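Chain by chain, the residues:
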Protein chains: 2
Amino acid sequence: MNQNKFNLMESWLREVREKILAWLDEDFTIEEKTGRSDLVTAVDKAVQDFLVAKINTHFPEDAILAEENGMDKTSIVSGAVWVIDPIDGTLNFAVQHDNFAILVAYYLDGTGQFGFVYDVMKNKLFSGGKAFGAKLNGKLIEPVKKRTFSEGLIGINAGMYRRNSHQVADLADQTLGVRVNGSAGLEFCALFEGKLLGYVSRLCPWDYAAGTIIAEQLGFSYSDLDGQPLDYQSWQPFIIFQSSLYPEAITILNSN
Amino acid sequence: MNQNKFNLMESWLREVREKILAWLDEDFTIEEKTGRSDLVTAVDKAVQDFLVAKINTHFPEDAILAEENGMDKTSIVSGAVWVIDPIDGTLNFAVQHDNFAILVAYYLDGTGQFGFVYDVMKNKLFSGGKAFGAKLNGKLIEPVKKRTFSEGLIGINAGMYRRNSHQVADLADQTLGVRVNGSAGLEFCALFEGKLLGYVSRLCPWDYAAGTIIAEQLGFSYSDLDGQPLDYQSWQPFIIFQSSLYPEAITILNSN
């Protein structure tokens, strides 16, 4: 059953990518949601509507937790639940037409079964789950090589870095440097490919659900900044790091 | 004469890209230059050596200003001078094997004739100059669309942003947000493609020479953070912005 759902979602994602590329060749309406840093586009809703309709048709009993259209209160705790961010990095999407991702996760009674992180413009579809391994465009990828803090970079939320919220800048100072790309999904892609040691931000469940399921297959640990499990309900401080560095990262964040 | 030099350099850049891709498939030595944030690789020197040898063979009277091997003191003021950054974004190159650029500019008696900014992994070769227009992989590109601060993003040096050096964070606050990618060359690529309104950092001449020559063809203005011309000699604070926004950007940086 999971394999069937995995396969169908993979095909729907490939299909909706073609639609996005076509929409990008046209004009589209951009509307403001909660201010200038959170533009959401007509495409954002159209992508969600497409995926929701497919799920409702094929799996009418499954629940959906998603960013748009008031679907943002569903609990993942019981039953079959899809978690969807139709366009992660909407600001990049709106002003760059690049550097955004589609994120989809599937939970059964609170346990992540599989996730998809799709870098749309690069056409890199990462997938993974306990029964699926971790793959890039269908090819297995290896767990990341263990590094020290001084051997890699960290992805970070710019505002948290500037304010040194929860000592995140002190943590960043242990690494070779910070990168900011404006899409949690693309930060996960960089983690999967070994281009970042870790990532710190504030995220909603649909921002981290898919990525964390894949990341578990590749040697990462994640939590809130106190080291506590994520709640999958609200906008929360979020950290993910190579598992060998994660304990020290949490110690640094909580050292004052 | 300029056209001949332009054509030859373009072919050498395509040729050295193939070498880089081959080197990336092998192991290579990474050495530290001035600490953990400035790793420079054997490839960095090999790329410079390749380009310098080509220039010396074909144009033995031309001078060269380049980052490596003690070629960093040449003045661009008189005669024919090539300015080379063999691998811009060496840290990304070293730990990501991605997100770096080759930068080459050509000056005659202090005036930029043409420049190349090459996103190696994406195989995007930007070129331009007064007699050449601005091109991406040989195809003309248009000047960027005029935007307001609240319609776009800014590329920024992470440390300057964190410290609000010279009010750069105040300037960033006028925009939709900041992006940090660790390569001046890739920031220029994003500017050329309209993905950033502007970029603020501290740069050496070989970091900004090629990009600014191309940017002049696309509607950008640049200077140090006081609005004074760059000196093409030392590591300097640097700003480039869409020309319609540049005056106000300079005002914000110098408002206290």
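Participant: Got a sec to walk through the domain arrangement of chain A? Specific residues and values, please.
Facilitator: Residue and element names in this part refer to chain A. Split into domains, chain A comes out as domain 1 (2-140) and domain 2 (149-253). Here domain 1 and domain 2 have C-alpha centroids that lie 21 Å from each other. With 35 residues of domain 1 in contact, the opposing surface of domain 2 contributes 21 residues. Run the count over domain 1 and domain 2 and you get 1 salt bridge. E193 is the salt-bridge partner of K124, the closest N and O atoms lying 3.0 Å from each other. The interface formed by domain 1 and domain 2 includes 5 residue pairs in polar contact (both at pLDDT 80 or more). Elements with a contribution of two residues or more to the side of domain 1 that touches domain 2: β3 (63-66), β4 (80-88), β5 (101-108), β6 (111-119), β7 (124-129) and β8 (133-136). The element contributing the most residues to the side of domain 1 that touches domain 2 is β6, with 7 residues. Residues that form the side of domain 1 that touches domain 2 fall into these classes: 18 nonpolar, 10 polar and 7 charged.

Participant: So what about the interface of chain A and chain B? Which residues, and what values?
Facilitator: Each partner contributes residues to the interface: chain A has 29 residues there, and chain B has 29 residues. Taking both sides of the interface into account, the surface hidden between chain A and chain B amounts to around 2,500 Å²; carbon and sulfur atoms contribute 50%. Taken together, chain A and chain B are joined by 4 salt bridges. Where D173 of chain A meets R162 of chain B, a salt bridge forms, and the shortest distance between an N and an O atom there is 3.0 Å. Viewed at the interface, chain B and chain A are joined by 11 residue pairs in polar contact (both at pLDDT 80 or more). At the level of elements, α3 (90-96), α4 (158-163), α5 (168-173) and β11 (177-179) of chain A are the ones that each hand at least two residues to the side of chain A that touches chain B. When grouped by side-chain class, the residues that make up the side of chain A that touches chain B number 11 nonpolar, 9 polar and 9 charged.

Participant: Can you tell me about the sheet that holds strand β10 (residues 153-156) of chain A, naming the residues and giving the values?
Facilitator: Residues and elements named next belong to chain A. Taken in spatial order, the 5 strands make up an open sheet running β11-β10-β12-β14-β13, and their pairing is mixed. Strands at the two margins of the open sheet, each flanked by one partner only, are β11 and β13 (220-223). With strand direction ignored, the average angle separating the axes of adjacent strands in the sheet is 20°. Of the strand pairs in this sheet, β13 and strand β14 (residues 236-242) are connected by 4 bridges, and their pairing is antiparallel. Across the sheet, Y222 pairs through a bridge with I240, a residue of β14. Set on the sheet, helix α7 (residues 205-215) makes contact with β12 (198-203), β13 and β14; between it and β14 the angle comes to about 20°. On top of the sheet, helix α8 (residues 246-253) reaches β13 and β14; it is set at about 140° to β14, its chief contact.

Participant: Which residues make up the nonpolar core, and what values go with them?
Facilitator: One finds L171, I239 and F241 of chain A together with L171, I239 and F241 of chain B to be the most contacted residues of the largest nonpolar core, which totals 46 residues. Beyond its immediate chain neighbours, meaning those up to four positions away, F241 of chain A contacts F149, I154, L171, L197, G198, Y199, G219, F220, S221, Y246 and A249 of chain A. In terms of nonpolar packing, the next biggest core, distinct from the first, is built from 42 residues, A94 of chain A together with F126, L136 and A190 of chain B among them.

Participant: Which residues make up the side chain of Q236 of chain A, and what values do they have?
Facilitator: All names here are of chain A. One can find Q236 in strand β14. With a relative accessible area of 10%, Q236 lands in the buried category. Beyond its immediate chain neighbours, meaning those up to four positions away, Q236 contacts S201, R202, L203, Y208, D224, L230 and D231.

Participant: Give me helix α2 (residues 42-58) of chain B: which residues, what numbers.
Facilitator: If you check α2 of chain B, its first and last C-alpha atoms are 24 Å apart, about what 17 residues at 1.5 Å a residue would give, namely 24 Å. Turning to α2 of chain B, its buried residues number three or more, namely V43, D44, V47, Q48, F50, L51, V52 and I55 of chain B.

Participant: Go over the sheet that holds β3 of chain A with me, naming the residues and quoting the values.
Facilitator: Across a sheet, strands are paired by hydrogen bonds formed along the backbone, either parallel or antiparallel in direction. Residue and element names in this part refer to chain A. Strand order across the open sheet formed by 7 strands is β3-β4-β5-β6-β7-β8-β9, with mixed pairing between neighbours. The strands lining the two open edges of the sheet, one partner per strand, are β3 and β9 (139-140). Direction of pairing for β8 relative to β9: antiparallel, over a ladder of 2 bridges. The residue of β9 that forms the bridge with L136 is K139. Most of the contacts of helix α6 (residues 184-192) go to β6, to which it runs at about 100°, and overall it touches β4, β5, β6 and β7.

Participant: Quick one: what's the story with the relation of the copies chain A and chain B, residue by residue and with numbers?
Facilitator: Mapping chain A onto chain B calls for a rotation angle of 180° and an axial translation of 0.0 Å; the resulting RMSD is 0.0 Å. One copy is carried onto the other by what is essentially a two-fold rotation axis. Comparing interface residues between copies, 100% of those in chain A also sit at the interface in chain B, which points to an isologous, same-surface contact.

Participant: Could you give an account of the pattern of salt bridges, naming the residues involved and the relevant values?
Facilitator: Inspection of every chain in the model, using the stated rule, returns 12 salt bridges over all chains. Across the pair D62 of chain B and K5 of chain B runs a salt bridge, and its minimum N-O distance is 2.8 Å. Within this pair, whereas D62 of chain B is found in the loop between α2 and β3 (63-66), its partner K5 of chain B is found in helix α1 (residues 2-25), the two being separated by 57 residues in sequence. Looking at D62 of chain B, the relative accessible area reads 12%, which means it is buried. Close ionic contact of R17 of chain B with E18 of chain B constitutes a salt bridge, the shortest N to O distance being 3.6 Å. Through salt bridges with shared partners, one network takes in D98 of chain A together with K124, E193 and K195 of chain B.

About the criteria used
Residues numbered from 1 in each chain as written. Chains lettered and ligands numbered in written order. Predicted model: local features only at pLDDT ≥ 70, side-chain atom pairs only at ≥ 80, totals over all residues. Heavy atoms only, no water. Domains from an automatic or database assignment. Contact = heavy atoms within 4.5 Å. Salt bridge = Lys/Arg side-chain N within 4 Å of Asp/Glu carboxyl O. Polar contact = N/O pair within 3.5 Å; in protein donor to acceptor, adjacent residues only side chain to side chain. Helix = DSSP H or I, 4+ residues; strand = E, 2+ residues; numbered from the N terminus. Nonpolar A, V, L, I, M, F, W, Y, C, P; charged D, E, K, R; others polar. Buried area = accessible area lost by both parts, 1.4 Å probe. Pairing = 2+ DSSP bridges. Axes fitted to C-alpha atoms, helices over the stretch in contact; angles between N-to-C directions. Core = buried A, V, L, I, M, F, W, Y, C linked by side-chain atoms within 4.5 Å. Buried < 20%, exposed > 50% of the residue type's maximum accessible area, 1.4 Å probe, protein only. Expected span 1.5 Å × (residues − 1). Least-squares fit on C-alpha atoms with pLDDT ≥ 70 in both.

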